[in-house]
Amino acid sequence: LDVDPGPPMKLVVGLGNPGRKYERTRHNVGYAVIDCLADRHEPASFRHQFEGQAASMRIDGDKVLLLKPETYMNLSGRSVRQALEFYDLEPSQLLVVCDDLNIPLGTLRIRPDGSHGGQKGLLSIADELGSTEYHRLRVGIGPLPERRDRADFVLERFRDAEQTVIDEAVGRAADAVGVWCRCGVHECMNRFN
């Protein structure tokens, strides 16, 4: 089944790194949320587009483009900018889902805008768009253990006990995306922050 023609009304981007080496790592929580949405709503067929994997689908009646940039985290903005420009979407029609080291494991934070907070994918998007005025949904993967290198930690897989927490958080994040599509960012913040 293909989605009916016409441009998507919203763009939901999950940040991560491509390739088997990075599957199920802390830094790929954004990809996990996109995969959860694709499994939940309809059979989504991803295709290579905008330097990433993209799939059109309907979420609660809204036509949405799901996007997993394959530029690696630090260049995610390139992929996001291409998709926004191609469909002539405004940053207010964009929701970026990513991991956040500064938030406790499994906690969600939705914001209408703001700083990158050290998240390199969000920094790249802000640089490419020339703006921080886009919505973001952060999934907590923290805290960073003492004397651990930040870059090494985010590229590790979750321990078994953590995986249960993160699987539940990914499901709640997918729920939050549905509320964002249907009701907007403020209702999403009220329900999930």
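What this report covers is the structure whose coordinates are included nearby. Position labels on residues start from 1 in each chain and follow its written sequence. Where totals are concerned, whole chains, interfaces and linings use all residues; where local detail is concerned, this predicted model gives features only for residues with pLDDT of at least 70, and gives and counts side-chain atom pairs only at 80 or more. Each side-chain value is derived from all of the structure's non-hydrogen atoms; neither hydrogens nor water enter the calculation.

## So, the layout of surface pockets
Then, in step 1: Space inside the largest pocket adds up to approximately 330 Å³.
Then, in step 2: Secondary structure elements with two or more residues in the lining of the largest pocket: α1 (29–41) and α5 (160–183).
Then, in step 3: Amino acids are sorted into nonpolar (Ala, Val, Leu, Ile, Met, Phe, Trp, Tyr, Cys and Pro), charged (Asp, Glu, Lys and Arg) and polar (every other residue, Gly among them). When its residues are assigned to classes, the lining of the largest pocket shows seven nonpolar, five polar and five charged.
Then, in step 4: Points on a 1 Å grid, built from protein atoms alone, make a cavity when a 1.4 Å probe fits but cannot get out and make a pocket when they are open with protein on both sides within 12 Å along at least 5 of 7 lines; residues with an atom within 4 Å of a point are the lining residues. Grid points are joined across faces, edges and corners, and a volume is the space filled by probe spheres set on the points. Of the pockets and cavities examined, the second largest pocket occupies roughly 240 Å³.
Then, in step 5: The wall of the second largest pocket is formed by 18 residues, among which His-27, Gly-118, Lys-120, Arg-150 and Val-154 lie closest to the centre. In this description a helix means any DSSP run of H or I spanning at least four residues, a strand means any run of E spanning at least two, and both kinds are numbered starting from the N terminus.

## Here we look at the packing of helix α2 (residues 76–87) against helix α3 (residues 120–129)
Then, in step 1: Simply put, an axis is a line fit to the C-alpha atoms, just over the touching stretch for a helix, and the angle between two N-to-C directions goes from 0 to 180 degrees. Following both chains from N to C, one finds α2 and α3 inclined at 45°, their axes separated by 7 Å at the closest point. With respect to α3, the axis of α2 lies oblique. Where α2 crosses over α3, the handedness of that crossing is right-handed. Residues Ser-76, Gly-77, Arg-78, Val-80, Arg-81 and Leu-84 of α2 touch α3, and the partners they reach there are Gly-121, Ser-124, Ile-125, Glu-128 and Leu-129.
Then, in step 2: Classifying every residue of the contact of α2 with α3 gives four nonpolar, four polar and three charged. Here is the rule for angles: anything less than 35 degrees is roughly parallel, anything more than 145 is roughly antiparallel, 65 through 115 is roughly perpendicular, and the remaining ranges are oblique. Take the far helix as your reference; a near helix turned counterclockwise from it by less than a right angle gives a left-handed crossing, and one turned clockwise gives a right-handed crossing. In this analysis, two residues are considered to be in contact whenever any of their non-hydrogen atoms come within 4.5 Å of each other.

## Regarding the sheet that holds strand β1 (residues 10–14)
Then, in step 1: In this scheme, strands are said to pair when DSSP sees at least two bridges between them. Here seven strands make up an open sheet; going across it, the order is β2-β3-β4-β1-β5-β7-β6 and the pairing mixed. Looking at strand neighbours, the two that pair on one side only are β2 (47–49) and β6 (108–111), the edges of this open sheet. Neighbour to neighbour, the strand axes of the sheet diverge by 35° on average, direction disregarded.
Then, in step 2: Pairing analysis gives three bridges linking β2 to strand β3 (residues 52–59), with the strands arranged antiparallel. Paired with His-48 across the strands is Gln-53, a residue of β3.
Then, in step 3: Here α2 sits on the sheet in contact with β1, β2, β3, β4 (62–69) and β5 (94–104), set at roughly 150° to β4.
Then, in step 4: Sitting on the sheet, α5 is in contact with β1, β3, β4, β5, β6 and β7 (135–142), with an inclination near 170° to β7.

Purely geometric numbers; function is a separate question.
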